[in-house]
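A structural walkthrough
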Amino acid sequence: MLAGLPAELRQQLRTALESLEHPRIAQTLDRIGELDRPLQKILAQLVENFDYPTILKQL
């Protein structure tokens, strides 16, 4: 699911999720949306549900 993203963006997502800082997570999701809107929507739903472990497992 996330393998198609650039490595730098995947690392930013990991760091943002681990920081638990919502503005940072939202900013990273916005960047992902510029590349893959459907993926961004999926990730946003997971973030909304605080399901960070599911995202981190994919990284």
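**Here we look at the packing of helix α2 (residues 22-35) against helix α3 (residues 37-48)**
- For the pair α2 and α3, the least separation of the axes is 7 Å and the interaxial angle reads 160 degrees. Viewed along their axes, α2 and α3 adopt a mutual orientation that is roughly antiparallel. For the pair formed by α2 and α3, the contact residues are His 22, Ile 25, Leu 29, Asp 30, Ile 32, Gly 33 and Leu 35 on the first element and Arg 37, Leu 39, Gln 40, Leu 43, Ala 44 and Val 47 on the second.
- Of the residues belonging to the contact of α2 with α3, the class tally is eight nonpolar, three polar and two charged.

**Quick look at the packing of helix α1 (residues 7-19) against α2**
- At their nearest, the axes of α1 and α2 sit 8 Å apart, and the two run at 155 degrees to each other. Considered as vectors, α1 and α2 are oriented roughly antiparallel to each other. Judged by the twist between their axes, the crossing of α1 over α2 is left-handed. On the side of α1, the interface is formed by Leu 9, Gln 12, Leu 13, Thr 15, Ala 16, Leu 17 and Ser 19, while α2 contributes Arg 24, Ile 25, Thr 28, Leu 29, Arg 31, Ile 32 and Leu 35.
- Counted by class, the contact of α1 with α2 contains eight nonpolar, four polar and two charged residues.

**Focus: the packing of aromatic side chains**
- Taken as a whole, this structure holds one aromatic pair when the rule is applied.
- For the pair Phe 50 and Tyr 52, a centre-to-centre distance of 6.2 Å together with 65 degrees between the ring planes defines the contact as edge-to-face.
- The class for Phe 50 is exposed, based on a relative accessible area of 64%.

**Re the environment of Leu 20**
- As for its position among the elements, Leu 20 is in the loop between α1 and α2.
- Through-space distance from the C-alpha of Leu 20 to that of Asn 49 is 13 Å; in sequence the pair is 29 residues apart.
- Look past the residues within four positions of Leu 20 in its chain and what remains in contact with it is Ile 25 and Tyr 52.

Rules used in this analysis
- Residues numbered from 1 in each chain as written.
- Predicted model: local features only at pLDDT ≥ 70, side-chain atom pairs only at ≥ 80, totals over all residues.
- Heavy atoms only, no water.
- Axes fitted to C-alpha atoms, helices over the stretch in contact; angles between N-to-C directions.
- Helix = DSSP H or I, 4+ residues; strand = E, 2+ residues; numbered from the N terminus.
- Parallel < 35°, antiparallel > 145°, perpendicular 65-115°, else oblique.
- Contact = heavy atoms within 4.5 Å.
- Nonpolar A, V, L, I, M, F, W, Y, C, P; charged D, E, K, R; others polar.
- Left-handed = near helix turned anticlockwise from the far one by under 90°.
- Phe/Tyr/Trp six-rings, centres within 6.5 Å; stacked < 30°, edge-to-face > 60°.
- Buried < 20%, exposed > 50% of the residue type's maximum accessible area, 1.4 Å probe, protein only.

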